[in-house]
Amino acid sequence: MARRGAVDPAEVRAAVAVVGEWLRDESAASPARAELAAAVRGTARALAADAPGHSVEVRVPPFVAVQCIEGPRHTRGTPPNVVETDARTWLLLATGLLGFEAARESGALSASGNRAAEVERWLPVTGV
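What this report covers is the structure whose coordinates are included nearby. Predicted, not measured: the structure shown is a model, and the values here were computed from it.

**What about unusual backbone geometry?**
Point 1. Cis peptide bonds are those with omega within 30 degrees of zero, and the linkage from P61 to P62 qualifies with 0°.
Point 2. By secondary structure assignment, the location of P62 is in the loop between β1 (56-60) and β2 (64-68).
Point 3. Backbone torsion omega between L123 and P124 reads -5°, so that peptide bond is classified as cis.
Point 4. Note that P124 resides in the segment after β4 (109-112).
Point 5. A positive phi angle is found at I69, which is not glycine, with a value near 70°.
Point 6. Here I69 is to be found in the loop between β2 and β3 (82-85).

**Let's talk about the sheet that holds β4**
Point 1. If you trace the four strands from one edge of the open sheet to the other, you get β2-β1-β3-β4, paired in mixed fashion. Since the sheet does not close on itself, it has two edges, and those belong to β2 and β4, each with one partner. If you compare each strand with its neighbour and ignore which way they point, the axes differ by 15° on average.

**Concerning the side chain of T85**
Point 1. Note on placement: T85 falls in strand β3.
Point 2. Engagement of the side chain of T85 in a polar contact is seen with the backbone oxygen of A108, the distance being 2.6 Å.
Point 3. Discounting residues that sit within four places of it in the chain, T85 has contacts with R59, V60, P61, W90, A108 and L109.

**Concerning the side chain of E57**
Point 1. Among the structural elements, E57 can be located in strand β1.
Point 2. According to the relative accessible area criterion, E57 is buried, its value standing at 14%.
Point 3. For E57, the side chain forms a polar contact with the side chain of R59, separated by 2.6 Å.

**Concerning the environment of Q67**
Point 1. By the element assignment, Q67 lies in strand β2.
Point 2. Separated by 14 residues in sequence, Q67 and G53 have C-alpha atoms that sit 6.5 Å apart.
Point 3. One polar contact links Q67 to H54, side chain to side chain, over a distance of 2.8 Å.
Point 4. Side chain to side chain, Q67 and E57 meet in a polar contact 3.5 Å long.

**Regarding the packing of helix α1 (residues 9-24) against helix α2 (residues 33-50)**
Point 1. At their nearest, the axes of α1 and α2 sit 8 Å apart, and the two run at 125° to each other. Between α1 and α2, the angle falls in the class oblique. α2 is crossed by α1, and the crossing has left-handed handedness. When α1 is examined against α2, the residues V12, A15, V16, V18, V19 and W22 are found in contact with a partner set consisting of E35, L36, A38, A39, G42 and T43.
Point 2. Looking at side-chain class alone, the contact of α1 with α2 contains nine nonpolar, two polar and one charged residues.

**A word on the packing of aromatic side chains**
Point 1. In this structure the tally under the stated criterion is zero aromatic pairs.
Point 2. Seen from the ring of W22, R88 lies directly overhead, with NZ or CZ sitting 5.2 Å from the centre.

What counts, and at which threshold
Residues numbered from 1 in each chain as written. Predicted model: local features only at pLDDT ≥ 70, side-chain atom pairs only at ≥ 80, totals over all residues. Heavy atoms only, no water. Helix = DSSP H or I, 4+ residues; strand = E, 2+ residues; numbered from the N terminus. Pairing = 2+ DSSP bridges. Axes fitted to C-alpha atoms, helices over the stretch in contact; angles between N-to-C directions. Polar contact = N/O pair within 3.5 Å; in protein donor to acceptor, adjacent residues only side chain to side chain. Contact = heavy atoms within 4.5 Å. Buried < 20%, exposed > 50% of the residue type's maximum accessible area, 1.4 Å probe, protein only. Parallel < 35°, antiparallel > 145°, perpendicular 65-115°, else oblique. Left-handed = near helix turned anticlockwise from the far one by under 90°. Nonpolar A, V, L, I, M, F, W, Y, C, P; charged D, E, K, R; others polar. Phe/Tyr/Trp six-rings, centres within 6.5 Å; stacked < 30°, edge-to-face > 60°. Lys NZ or Arg CZ within 6 Å of the ring centre and 35° of its normal.

Any functional reading would require information that these geometric values do not contain.
So, in structure tokens, the structure goes:
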């Protein structure tokens with residue numbers, strides 16, 4: 001049995017492939033909630049595995065929140081460094097179809113705290 005938090009890159013790629021058409025063309029049929037959840041959770045957990053730590057919290061409500069990037073550990077209340085976005089924007093970032101700054105400038109992504117933008121260094125997580 002895989003340890004909790006273990007990420008299988010093949011599973012992440014497969015989950016993203018299922019929603020790939022929708023990512024490339026927003027007018028395509030929306031994926032089922034379970035398919036979308038699998039892709040979002042897989043890519044966010046892959047980010048956390050690639051950039052382990054607790055300095056930045058990445059939130060993609062209602063699907064997942066992960067902590068990543070080495071540095072001071074946050075344990076209570078609102079973390080000082082937070083990146084938050086919707087599922088589609090997250091998947092566009094995670095697959096390299098959208099840049100971090102472009103998402104931030106459009107208002108689709110909020111990044112608060114002086115270390116939040118460090119997430120950009122770890123993107124993309126996978127391809128479509």
